[in-house]
Every structure is written in C-alpha cells, then in structure tokens.
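# Structural description and commentary
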Amino acid sequence: MKAIVAVKRVVDFNVRVHVKADGSGVETANVKMSMNPFDEIAVEEAIRLKESGQIEEIIAVSLGSAQCQETIRTALAMGADRGIHVQSNAELQPLAVAKLLKVIIDRENADLVILGKQAIDDDSNQTGQMLAALLGWSQATFASKIVIGDRSADVTREVDDGLETIRVKLPSVFTTDLRLNEPRYASLPNIMKAKKKMIDVIDAAETGIDVAPRLATLKVIDPPRRQAGVRVASAAELVEKLHIEAKVI
C-alpha cells in the first residue's frame, strides 16, 4: 500500500501567540514554526505501519508557501520516503486543502491517507471529512488505535462518551487523535539523509483548483484576562461571597 500523510506548518505549540495590532489574525512574523502536533502523530503512525510491513511507501504532502518544505523535511527525517509540496501563497482553507489533496491522491494512486484530526492554528477539524467525501472513501476520525487487515481496518475512535471501534473498508481516510502514539524524534543521521530525499513541487494554479477563500475573518481578539483571586478569612466569608456576589449557591 501507498500512504499519503498531510503535514501542516503552524506556529509552534510552545509559542505564546499575539494578536496583530489590526485584529486581522495572529502574529506569525519572526515566530517559531513547526509541524502541527496532530500531523506528527499521523507521520509516526504511517511509519509504524510501514515498519510492520503493511505500507510500502510514505509520501508527506504539505500545502502553502515555500517554507512548508521545512515541514516536509521534518517528516522525511522521521521516516517518510518522499515529499510533495503544493505551493501557494493564498490562504488555504479546509475545502481548498481537501480538493488539492484529492488531486495528489489521484495522481499517486494512494491507498491510504492519514492526517491530523485538526490543526492547532484554526482548529477547523474539517479537512479529513471533506477529503473522504470528495474521494468517496470510508473515513475513521479521531483514531486512537488503527489495525490494518486484508481489505479493511479496525479503528478505535475517541467519542464523547468513551471509545468506539469501527471497521472501515480500504481505501480510507484516517484522522489521528492524541492517544494514537508518541511521535519519535528524528536522529541526526536521518536528518542528514532527509536532505537528499526528493520533494516534488507543484504549483497550486496548475491543478485547476479554485483556492479562493470562502470564509472571511472579521476580527481576532485576545481572550479576556483572568481576574486575580481573592483571599478570604473564613469559610463563612467564602460562602457569603459565593452566595451573594457570585450567586452560584
């Protein structure tokens, strides 16, 4: 089987983001960027499936500006075989990403697609579902365990009231949840090898896909600051504040 793993370049999760002065979004200039954490889990799962002999080739795909190739190199250093960069300077929203990924999947004749359940920058949680619909494939979202069979896969999903295990036919689209695995660190030799691995660059305009944004961000604001706590002298005073001031009891 051939697997495609989608990886997105986002603001590093350790960075404290700041809203731009004009309120149009968050500041990304001179900010550390890295691979979306859920996509790291997707890459790791594809590598584990390859190590178990169930996948023959892993292709890491990223969409966006030229800097996205750094994210692809990270996936290659982890163990992906080659990369594809769909280059575009436009704001790529979930539907456009899904359509562009479909083009790549059709070209590569892939059997499996693994991607993070959501990106930590917009938290849309839409691309995997849209992609499955466009492909006409089965889908298993929020996966915390994947077991590949002959022509199907058993996937344990994290749902609101616990875990459920479903069986889906292959080919399929999987989106990964946090408990699926622990991504590995790329070793120095693999980082050096990744520099020699191939990355194909495709201009998004060549695909014929309309990537124009369909949603407009009207305003981005900081969340309200948390108020400082208040020290009380006695339990009676605490009850009074909760009853009279906060009106929660």
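Shown above is the structure to which this text applies.
The structure reproduced in this document is the subject of the present report. This is a predicted model, so every value here is computed, not measured.

What follows covers the overall build of the protein. Counting secondary structure elements, the protein contains 6 helices and 11 strands. Overall size of the protein, expressed as C-alpha extent along the three principal axes, is 70 × 45 × 40 Å. Burial statistics for the protein: of 249 residues in total, 41% are counted as buried. At a minimum sequence separation of 6, the contacts of the protein that also span at least 24 residues come to 70%. Positive and negative side-chain charges of the protein, numbering 32 and 35 respectively, have mean locations separated by a distance of 2 Å.

Counted at 1.5 Å a residue, the expected span for helix H3 (residues 94-108) with its 15 residues is 21 Å, and the 21 Å between its end C-alpha atoms agrees. Buried within H3 we find Pro-94, Ala-96, Val-97, Ala-98, Leu-100, Leu-101, Val-103, Ile-104, Ile-105 and Glu-108. Those residues of H3 that are buried lie in contact with strand E1 (2-6), strand E4 (57-64), strand E5 (82-87), strand E6 (112-116), helix H4 (127-135) and strand E11 (199-203).

Pairing in this open sheet of 9 strands is mixed, and the strands run E9-E8-E7-E10-E6-E1-E4-E5-E11 from one edge to the other. At either end of the open sheet lies a strand with only one pairing partner, and these are strand E9 (162-169) and E11. Sheet twist, expressed as the average angle between the axes of neighbouring strands with direction ignored, equals 35 degrees. Across 4 bridges, strand E7 (residues 138-148) lies against strand E10 (residues 172-176) in parallel orientation. Each bridged residue has a counterpart across the sheet, and for Ser-138 the counterpart in E10 is Ser-172. Lying over the sheet, helix H1 (residues 37-51) contacts E1, E4, E6, E7 and E10, oriented at roughly 145 degrees with respect to E6. Relative to E4, H3 is tilted by about 145 degrees, and along the sheet it contacts E1, E4, E5, E6 and E11.

At a minimum axis distance of 9 Å, the contact between H3 and H4 shows a crossing angle of 50 degrees. Considering their axes alone, H3 and H4 lie oblique with respect to each other. Judged by the sense of rotation from one axis to the other, the crossing of H3 with H4 is right-handed. Residue-level contacts link Pro-94, Leu-95, Val-97, Ala-98, Lys-99, Leu-101, Lys-102, Ile-105 and Asp-106 of H3 to Thr-127, Met-130, Leu-131, Leu-134 and Leu-135 of H4. Counted by class, the contact of H3 with H4 contains 10 nonpolar, 1 polar and 3 charged residues.

Conventions used here
Residues numbered from 1 in each chain as written. Predicted model: local features only at pLDDT ≥ 70, side-chain atom pairs only at ≥ 80, totals over all residues. Heavy atoms only, no water. Helix = DSSP H or I, 4+ residues; strand = E, 2+ residues; numbered from the N terminus. Buried < 20%, exposed > 50% of the residue type's maximum accessible area, 1.4 Å probe, protein only. Contact = heavy atoms within 4.5 Å. Lys, Arg positive; Asp, Glu negative; His and termini not counted. Charge placed at Lys NZ, Arg CZ, Asp CG, Glu CD. Expected span 1.5 Å × (residues − 1). Pairing = 2+ DSSP bridges. Axes fitted to C-alpha atoms, helices over the stretch in contact; angles between N-to-C directions. Parallel < 35°, antiparallel > 145°, perpendicular 65-115°, else oblique. Left-handed = near helix turned anticlockwise from the far one by under 90°. Nonpolar A, V, L, I, M, F, W, Y, C, P; charged D, E, K, R; others polar.

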